[in-house]
Amino acid sequence: MRGRSGHSGPSVSTDAGTRPATTATTTPGRIGDSPLRPDGTLKVTGEFAYASDLWHDDMVWGVTLRSPHPHARIRGIDITEALTVPGVTAVLTADDVPGENAFGLEHADQPVLAVEFVRYEGEPVALVAADHPETARRAAARIRVEYEVLPAVTDPRHAMDDDAPAVHRPGNLVRHLQLRRGDQSVTAPVVVSLDVEVGMQDQAFLGPESGLAVPAEDGGVDLYVATQWLHVDQRQMCLALGMPPEKVRLHLAGVGGAFGGREDLSVHVHASLLALRTGKPVKMSYSREESFFGHVHRHPAWLTYEFGAERDGTLVYARARVLLDGGAYASSTAAVVGNAGTLGLGPYRIPNVAVDAYGVFTNNPPCGAMRGFGCVQAAFAHEALMDELADAVGLDPVTVRQRNGMREGDRNITGQLIDSAAPVAELLQIVADLPLPPQRDADADLRALPGSVGNTTHGEGVVRGVGYAVTYKNIGFSEGFDDYSTARVRLEMTGGEAVATVHTAAAEVGQGLITVEQQICRTELGVERVVVHPKNTAVGSGGSTSASRQTYVTGGAVQAACVAVRDVVLARAAASLGREVSQLRLDGEKIVGASGEVLTGLAEVLGEDAVEETREYRHRPTHAIDPETGQGDAHVQFAFSAHRAVVDVDVELGLVKVVALDTAQDVGKAINPDAVVGQIHGGSAQGMGLALMEEIVVTDGHVRNPSFTDYLIPTILDMPPMQVKVLEYADPHAPYGVRGVGEPPTISSGPAVAAAVRAACGRPLRRVPIRPEHITGT
Amino acid sequence: MRITTTVNGTEHEVDDVWAGESLLYVLRERMGLPGSKNACEQGECGSCTVYLDGEPVCACLVAAGQAIGREVTTVEGLATEGELHPVQEAFVEAGAVQCGFCTPGLLVAAHDLLERVPDPSDLEIREALAGNLCRCTGYEKILDAVRLAAARQARP
Ligand code: FES
Ligand code: FES
């Protein structure tokens, strides 16, 4: 088999040595440094094996036949003709699923292959394997499925109506979160309210869903796949394949971005079923169009908010109703409702609160996890309303937010104590004080103007606007979930050099977790060379690469395993040196005494032995919220960020050029400062995309724009320069003080951009993405 | 159909190519060169960018038959004798690579820009790379990388 990214033995090139040591005894590339990513060279030479690059000698190709209807009854499936196509090796339907024909992240409510009903456009109905992908596609087109089209629920605002068709029994409600705090009948002298609508966003990771399933001699299967959480995939695959975990082995193939869109299964069971049936390795790789149907999206949302405040802008109460379209299957909708409900009023002190958040089933595409997870939608509402409040009381947008901003020691709307830094006012001040971009020249280059080389304006009709937004986001899994990661660390001498090997199942999706794992090992073990073992299910779960949790939770597990290894090594050294363990440390492959004197070499202590330890790390427990009041310690950590956007808007044509997008964020401790900034840049871009251009357009249950021609993501011409300021207020409860980084920038950037456009054009703009006609009012 | 093409200086010959296959498919699936990426296969993302007779093209839009007898250079051909090209080095060092799926196409596009314009302005960089989507980086560090590569190449 070809490929070098994590499936063909320990062949990932993970040598450290990217920067020279500065002193003889301090290991470079520790936490707080910014060593280069160990897979960087493979990625720039084209040798890094993404899931779609995998190849096996006698492999065949699998394709999926999907439903053309949002809701239909399957009257019959005839595969006879498809089977006669030369080159076809298998055609499978629901009857061929050996285990339970069901999967799902939180509830196994989705069939692996449709039985009786299809509930959304794009639902998998049948599979074909053939010797060429085009042969498989043509054969799939010859499967005859007889559908009886049924009425579909496509407007989530009517999904809970009495006469709405039921997508599932008993009804279309996935979750209602009710939250009540303080005085429910309180009034206030200043009242502002609004309705906001947020469109459906796509993760649009560039690496298509892909995997290679290889049937094994023990009757099981090895699946090489791009995913965010190997073990949750394994659990669902075991159910559907009717096999124990030891026969369903997963290996992380190279992942081309994720952003939540790889939390749910894609090719996993399908490729495995075909491999087990044909006895051959099966590759599946979605086209871009299929990818739009092959993963969940960000929930579109309808939000109704009201704030009551004193005349000085101090919030007295907030009332909010949030409706999220979950689409046809549950996926992670309940947890997204949890976030939208418990965090949906933003990082503000509000004594009296009523929130109702709903997730509903419809026959629209299933929605689930995407970076920012429920907080993104809510932030467009609470931040737009904050600007309304500022106007109503005659304050500027920064001051009104600072006046109400959460501080350490406050309680949030679920009554949870904010027990580490909450620098809302400071973050806002930082972005407000950053230098503004220069005013536009009279003879500005076209490429710097709205419309760019479309030559739509030379500056006439162009108005500049500035907007602010601030957010907070939970880090890690919430509401009582047993959230943990596992790490195995091994230390040994190889060819005269000390080598640490770190093995976790935590998915590297591009964010740089493997670099962080190396940095932690170097810091704790004082060795420079750290090999990152290919990621697979041969070690315990690493939890999900989501909720901005991996540096925190898998980082905590790697630290714990390193400490356990170090304890063994130092105990041996102490015994042979006749010293106290507490006086020894490991650095630069040496055992060093209290004043830094070298006592002996690691080589002498280890000899031929390898020391290996495995540890699990759990963050502090979280708790379910009260079903009546929504009160409880639902989350373990909160991360805060603020953005300032500057835009030029052609108010006549409705075109927008983002001129600057600046941000400040508290990351607790930057393990790898360069990578932290990279996360903030990328996250900010995705938030901006939702504000201005990104929407999956769904009409009557049909996706209208499943391509990069029609679903636009920001290009390098759309993105402005970004000033990023990073604060490091250590969280005393987290390993090294870290605070999750990945999501907050995606949450606060979009509302800041929307606010800036509003400021420029003077219209309320209550829907994102903002379209030209919203700006011009035509 | 038989396809004979020179890729990265080596002649490749493959048989039984179906007429509908793109140059990208043939490179990735038949010639063992999966470095060029397949993020959209619709000419929208630039991840498949290769040189065809010295011109950067989207390999997904070129029918394999059109490449017969021509010279192709892919990301796998940018390094020489195991030495990374300065553009490749700069992408790694500047942190322009996260997931890296956009990287092969961006490298070819940036390589081509610096051949034509050794000291590009930021606007020139943005315009030259406007056909290459990246979902991870927000492009800031990609700009850094191209500036770094330009500065290094300017040094004698
Ligand atoms: S794969 Fe060719 S342009 Fe996207
Ligand atoms: S680094 Fe992931 S798409 Fe560019």
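Residues numbered from 1 in each chain as written. Chains lettered and ligands numbered in written order. Predicted model: local features only at pLDDT ≥ 70, side-chain atom pairs only at ≥ 80, totals over all residues.

Q: Can you explain the overall build of chain B? Please cite residues and give values.
A: A tally of regular secondary structure across chain B gives five helices and five strands. Walking chain B from its N terminus toward its C terminus, one meets helices and strands in the order β-β-α-β-β-β-α-α-α-α. For 156 residues, the compact-globule estimate of 2.2 N^0.38 gives 15 Å, and chain B sits close to it at 15 Å. When its C-alpha atoms are laid out on the principal axes, chain B stretches across 45 × 30 × 25 Å. In chain B, 59% of the contacts between residues at least 6 apart in sequence involve partners at least 24 apart. (Helix = DSSP H or I, 4+ residues; strand = E, 2+ residues; numbered from the N terminus. Rg over C-alpha atoms; globule rule 2.2 N^0.38 Å. Contact = placed C-beta atoms within 7 Å.)

Q: Can you tell me about the overall build of chain A, naming the residues and giving the values?
A: Along the backbone of chain A there are 16 helices and 31 strands. Along the longest, intermediate and shortest principal axes, the C-alpha atoms of chain A span 75 × 75 × 60 Å. Taken across its 778 residues, chain A has 61% of its residues classed as buried. Taking as baseline every contact in chain A between residues at least 6 positions apart, the subset at least 24 positions apart corresponds to 80%. (Buried ≥ 20, exposed ≤ 12 C-beta atoms within 10 Å, placed from the backbone.)

Q: If you had to explain the pairing of strand β24 (residues 598–601) of chain A to someone new, which residues and values would you point to?
A: Residues and elements named next belong to chain A. Two elements, strand β23 (residues 590–592) and β24, share three bridges in a ladder whose sense is antiparallel. Note that in β24 the partner of Ile591 across the bridge is Thr600. Counted between consecutive antiparallel strands, the loop separating β23 from β24 contains five residues, among which Gly596 sits at a positive phi close to 90 degrees. (Pairing = 2+ DSSP bridges.)

Q: Describe the UniProt feature "domain: Aldehyde oxidase/xanthine dehydrogenase a/b hammerhead" (unreviewed entry) in chain A, and please don't skip the residues or the numbers.
A: Those residues carrying the UniProt feature "domain: Aldehyde oxidase/xanthine dehydrogenase a/b hammerhead" (unreviewed entry) are residues 45–151 of chain A in this numbering. What you have in residues 45–151 of chain A is 12% helix and 32% strand, and the ends, taken at the C-alpha atoms, are 52 Å apart. (UniProt positions renumbered as here; feature names shortened; annotations may be inferred.)

Q: Summarise the domain arrangement of chain B; cite the residues concerned and give the values.
A: Residues and elements named next belong to chain B. Entries for chain B in the domain assignment read domain 1 (3–77) and domain 2 (86–154). Contact residues are listed per partner, giving 13 residues for domain 1 and eleven residues for domain 2. Counting residues per element, the side of domain 1 that touches domain 2 draws most heavily on strand β3 (residues 49–52), at three residues. (Domains from an automatic or database assignment.)

Q: Account for the packing of helix α2 (residues 86–93) of chain B against helix α3 (residues 103–116) of chain B, with residues named and values stated.
A: Helices that pack against each other are described as a pair by the angle of their axes relative to one another and the distance between those axes. Residue and element names in this part refer to chain B. Where α2 contacts α3, the axes come no closer than 9 Å and their chain directions differ by 125 degrees. With respect to α3, the element α2 is oriented oblique. Considering only the axes of α2 and α3, their crossing is right-handed. Contact residues: Val87, Gln88 and Phe91 in α2; Thr103, Leu107, Ala110, His111 and Leu114 in α3. Taken together, the residues of the contact of α2 with α3 break down into five nonpolar, three polar and no charged. (Axes fitted to C-alpha atoms, helices over the stretch in contact; angles between N-to-C directions. Parallel < 35°, antiparallel > 145°, perpendicular 65-115°, else oblique. Left-handed = near helix turned anticlockwise from the far one by under 90°. Nonpolar A, V, L, I, M, F, W, Y, C, P; charged D, E, K, R; others polar.)

Q: Let's hear about the sheet that holds strand β22 (residues 585–587) of chain A: which residues, and what values?
A: Residue and element names in this part refer to chain A. Spatially, the three strands line up as an open sheet ordered β22-β23-β24, and their pairing is antiparallel. Looking at strand neighbours, the two that pair on one side only are β22 and β24, the edges of this open sheet. Looking at each pair of strands side by side, their axes are set apart by 35 degrees on average, direction ignored. Pairing of β22 with β23 involves three bridges; the strand directions are antiparallel. Within β23, the position partnered with Asp587 by the bridge is Lys590.

Q: I'd like to hear about the interface of chain A and chain B, residue by residue, with values.
A: With 48 residues of chain A in contact, the opposing surface of chain B contributes 46 residues. Listing elements by their share of the side of chain A that touches chain B, those giving two or more residues are α1 (40–45) and α14 (673–692) of chain A. No other element matches α14 of chain A, which puts seven residues into the side of chain A that touches chain B. Among the residues forming the side of chain A that touches chain B, the class breakdown is 18 nonpolar, 20 polar and ten charged.

Q: Run through the packing of helix α11 (residues 513–525) of chain A against helix α12 (residues 550–577) of chain A, naming residues and quoting values.
A: All names here are of chain A. For the pair α11 and α12, interaxial distance at closest approach is 9 Å and the crossing angle is 30 degrees. The angle between α11 and α12 places the two elements in the roughly parallel class. The crossing of α11 and α12 is right-handed. Between α11 and α12, the contacting residues are Leu513, Val516, Glu517, Ile520, Cys521, Glu524 and Leu525 on the first element and Gln550, Thr551, Thr554, Gly555, Val558, Gln559, Cys562, Val563, Val565 and Arg566 on the second. Of the residues belonging to the contact of α11 with α12, the class tally is nine nonpolar, five polar and three charged.

Q: Could you give an account of the sheet that holds strand β6 (residues 144–149) of chain A, with specific residues and numbers?
A: All names here are of chain A. If you trace the three strands from one edge of the open sheet to the other, you get β4-β2-β6, paired in antiparallel fashion. Each edge of the open sheet is held by one strand with a lone partner, namely β4 (117–118) and β6. Strand direction decides the pairing type here: strand β2 (residues 72–78) and β4, joined by two bridges, are antiparallel. Bridging from a neighbouring strand, Ala72 pairs with Val118 of β4.

Q: Got a sec to walk through unusual backbone geometry? Specific residues and values, please.
A: Residue and element names in this part refer to chain A. With an omega of 0 degrees, the peptide bond between Arg169 and Pro170 qualifies as cis. Assignment of secondary structure puts Pro170 in the loop between β6 and β7 (173–181). In the segment running from Val768 into Pro769, the intervening peptide bond is cis, with an omega of -5 degrees. Its location among the elements puts Pro769 in the loop between β31 (767–768) and α16 (772–776). In this structure, Phe373 takes a positive phi of about 35 degrees despite not being glycine.

Q: Requested: an account of the nonpolar core, with residues and values cited.
A: Counting residues in each nonpolar core, the largest one holds 297 residues, and the members touching the most others are Ala126, Val128, Val647, Val753 and Val757 of chain A. Not counting residues within four places of it along the chain, the set of residues in contact with Val128 of chain A comprises Gly62, Val63, Ala82, Val88, Val91, Ala136, Ala139 and Ala140 of chain A. (Core = buried A, V, L, I, M, F, W, Y, C linked by C-beta atoms within 7 Å.)

Q: If you had to explain helix α5 (residues 268–278) of chain A to someone new, which residues and values would you point to?
A: Residue and element names in this part refer to chain A. Most of α5 is tucked away: ten of the eleven residues are buried. Three or more residues of α5 are buried, namely His268, Val269, His270, Ala271, Ser272, Leu273, Leu274, Ala275, Leu276 and Thr278. One or two residues past the end of α5 sits Gly279, with phi positive at roughly 70 degrees.

Q: I'd like a rundown of the pairing of strand β18 (residues 462–475) of chain A, residues and numbers included.
A: Residue and element names in this part refer to chain A. Most of β18 sits inside the fold, with eleven of its 14 residues counted as buried. In this sheet, strand β26 (residues 637–650) lies alongside β18 in antiparallel orientation, the contact comprising 14 bridges. What sits directly across from Val470, in β26, is Ala642.

Q: Explain helix α4 (residues 230–241) of chain A residue by residue, including any values.
A: Given 3.6 residues per turn, any residue in an α-helix points the same way as the ones three and four places further on. All names here are of chain A. Counted at 1.5 Å a residue, the expected span for α4 with its twelve residues is 16 Å, and the 16 Å between its end C-alpha atoms agrees. By the burial criterion, the buried members of α4 are Leu230, His231, Asp233, Gln234, Gln236, Met237, Ala240 and Leu241. Its buried side turned inward, α4 meets β11 (248–252) and α5. Where α4 terminates, the next one or two residues include Gly242, which has phi positive at roughly 65 degrees. (Expected span 1.5 Å × (residues − 1).)

Q: Which residues make up the environment of Ala271 of chain A, and what values do they have?
A: All names here are of chain A. Topologically, Ala271 is positioned in helix α5. C-beta crowding within 10 Å serves as the criterion here: with 29 such atoms nearby, Ala271 is assigned to the buried category. Separated by 160 residues in sequence, Ala271 and Val431 place their C-alpha atoms 48 Å apart. Sequence-distant contacts of Ala271, that is, excluding residues within four places in its chain, are made with Gly62, Gly211, Ala213, Leu223, Val282 and Met284.

Q: Describe the environment of Val88 of chain A, and please don't skip the residues or the numbers.
A: Residues and elements named next belong to chain A. Structurally, Val88 can be placed in strand β3 (residues 88–92). For Val88, a count of 21 C-beta atoms within 10 Å puts it in the buried group. Remark: the alpha-carbon pair of Val88 and Arg288, spanning 200 residues in sequence, is separated by 23 Å.

Q: Go over the confidence of the model for chain A, please, and point to the residues and values.
A: Averaged over chain A, the pLDDT score is 95; the fraction of residues at 70 or greater is 97%. Contacts from residues 4–24 of chain A, a stretch scored under 50 in pLDDT, to residues over four places away or in other chains number 56 contacts. (pLDDT = per-residue confidence, 0-100.)

Q: Which residues make up the domain arrangement of chain A, and what are the values?
A: Residues and elements named next belong to chain A. With domains assigned, chain A is organised as domain 1 (40–47 + 484–618), domain 2 (53–150 + 208–255 + 262–294) and domain 3 (297–478 + 624–776). Inter-centroid distance (C-alpha atoms) of domain 1 to domain 2 is 38 Å. The interface is formed by 14 residues belonging to domain 1 together with 13 residues belonging to domain 2.

Q: Explain the confidence of the model for chain B residue by residue, including any values.
A: Residues at a pLDDT of 70 or more form 99% of chain B, whose mean pLDDT is 97. Among the prediction metrics, the complex's ipTM stands at 0.99, with pTM recorded as 0.96.

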